[in-house]
Amino acid sequence: NLFDEQDSLAYRYVACYDTNHLLVGWKIYEQKELIERWEMSYDEKENIIEADHYNDKDKKIDSYIFTYDDKDNLINLQQYDLEQNNKKIEEVSFSYDSNNKLIIPNEDEIDEQYEYDDEGNWVKKIMYGGSITTIDNVVIIERKIEYYK
């Protein structure tokens, strides 16, 4: 729950779990009005594979798709904007070391490269930890921007 400056309840978060104790959804209320909700789906190994976001009109507005490797490590996360004809607007890839530990580059050692669209906004961000030649030390974020004219 989130309280405002007068210590009054501003937002209430309600989590929903299934019989296996997996988070299958949550709802966010402002005062007593439902303003958004989320639903999650899992595979047979209890890995989250999809998270769907709904607005206050109960319309699905975006969706997150999770992909795993054969060791159940999350390797890819994609976000789709359903209000823009299911456009992929962001993608993040994850890398792991030989012990299946997520590789998180030291901030001092992060080298970033960007690719830009014709409007000058970055559409692909590549972060290398340590050495740019170490391929398993990479995080790639892609985003798609729709311009209205």
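Worth saying up front: this structure is predicted, and the values here are computed from it rather than measured. (Residues numbered from 1 in each chain as written. Predicted model: local features only at pLDDT ≥ 70, side-chain atom pairs only at ≥ 80, totals over all residues. Heavy atoms only, no water.)

Enquirer: Would you mind going over the packing of aromatic side chains with me for this structure?
Expert: The geometry of an aromatic ring pair is captured by the separation of the ring centres together with the interplanar angle, meaning the angle of the planes. Overall, the coordinates contain 2 aromatic pairs when judged by the stated rule. Residues W26 and W38 carry aromatic rings whose centres are separated by 5.4 Å and whose planes lie at 25° to one another, so their mutual orientation is stacked. With a gap of 12 residues between them, W26 in strand 3 (residues 23-30) and W38 in strand 4 (residues 33-42) connect regions that are remote in the sequence. A relative accessible area of 14% places W38 in the buried class. Ring geometry for W38 against Y64: centres 5.6 Å apart, planes inclined by 35°, an arrangement best described as tilted. In this pair, W38 is assigned in strand 4 and Y64 in strand 6 (residues 60-68), connecting sequence segments 26 residues apart. Taken together through their ring pairs, the aromatic side chains of W26, W38 and Y64 make up a single cluster. (Phe/Tyr/Trp six-rings, centres within 6.5 Å; stacked < 30°, edge-to-face > 60°. Helix = DSSP H or I, 4+ residues; strand = E, 2+ residues; numbered from the N terminus. Buried < 20%, exposed > 50% of the residue type's maximum accessible area, 1.4 Å probe, protein only.)

Enquirer: What should I look at first to understand the pairing of strand 5 (residues 48-54) in this one?
Expert: For a regular strand, the rule is simple: side chains alternate between the two faces of the sheet. Bridge analysis of strand 4 against strand 5 gives 6 bridges, and the strand direction is antiparallel. Looking at strand 5, one finds that M40 is bridged to A51. As consecutive antiparallel partners, strand 4 and strand 5 are separated by 5 residues, and within that stretch E46 has a phi angle of approximately 65°, a positive value. Inspection of the sheet shows strand 5 paired to strand 6 by 5 bridges, in the antiparallel sense. Residue pairing in the sheet places H53 in a bridge with D62 of strand 6. If you look at the hairpin formed by strand 5 and strand 6, you'll find 5 residues sitting between the two strands, and D58 has a positive phi there, around 65°. (Pairing = 2+ DSSP bridges.)

Enquirer: Looking at this structure, I do not really get unusual backbone geometry. What am I missing?
Expert: Note: most peptide bonds trans; most residues except glycine with negative phi. Even without glycine at this site, D58 takes up a positive phi of about 65°. As for its position among the elements, D58 is in the loop between strand 5 and strand 6. You can call D58 partly exposed: its relative accessible area is 45%. Of note in this structure, D72 is not a glycine but carries a positive phi near 65°.

Enquirer: Would you explain the nonpolar core in this entry?
Expert: A general trend in soluble globular proteins is that nonpolar side chains are found buried together. Judged by nonpolar contacts, W38, M40, A51, Y64 and F66 together constitute the single largest core of 5 residues. Where this core is concerned, the elements lending two or more residues are strand 4 and strand 6. For A51, the contacting residues outside a window of four places in its chain are W38, E39, M40, D62, S63, Y64 and F66. (Core = buried A, V, L, I, M, F, W, Y, C linked by side-chain atoms within 4.5 Å. Contact = heavy atoms within 4.5 Å.)

Enquirer: Can you walk me through the confidence of the model for the chain in this structure?
Expert: Predicted coordinates in regions of low pLDDT should not be interpreted in detail. Per-residue pLDDT for the chain has a mean of 80; in total, 81% of the residues score no lower than 70. The model gives residues 130-136 a pLDDT under 50, and that stretch makes 7 contacts with residues more than four places away or in other chains. (pLDDT = per-residue confidence, 0-100.)

Enquirer: What am I meant to see in the side chain of N73 here?
Expert: As for its position among the elements, N73 is in the loop between strand 6 and strand 7 (74-81). Not counting residues up to four positions away in its chain, the partners in contact with N73 are T67, Y68, Y96 and N100.

Enquirer: So what exactly am I meant to see when it comes to the pairing of strand 7 here?
Expert: Here strand 6 pairs with strand 7 via 7 bridges, running antiparallel. Each residue of the ladder has a partner; that of T67, found in strand 7, is N76. Hairpin connection from strand 6 to strand 7: 5 residues lie between these consecutive antiparallel strands, with D72 at a positive phi of about 65°. As defined by bridge partners, strand 7 adjoins strand 8 (residues 87-93) across 6 bridges and the pair is classed as antiparallel. Paired with D81 across the bridge in strand 8 is K87. Here strand 7 hands over to strand 8 after 5 residues, with N85 in that stretch at a positive phi of 55°.

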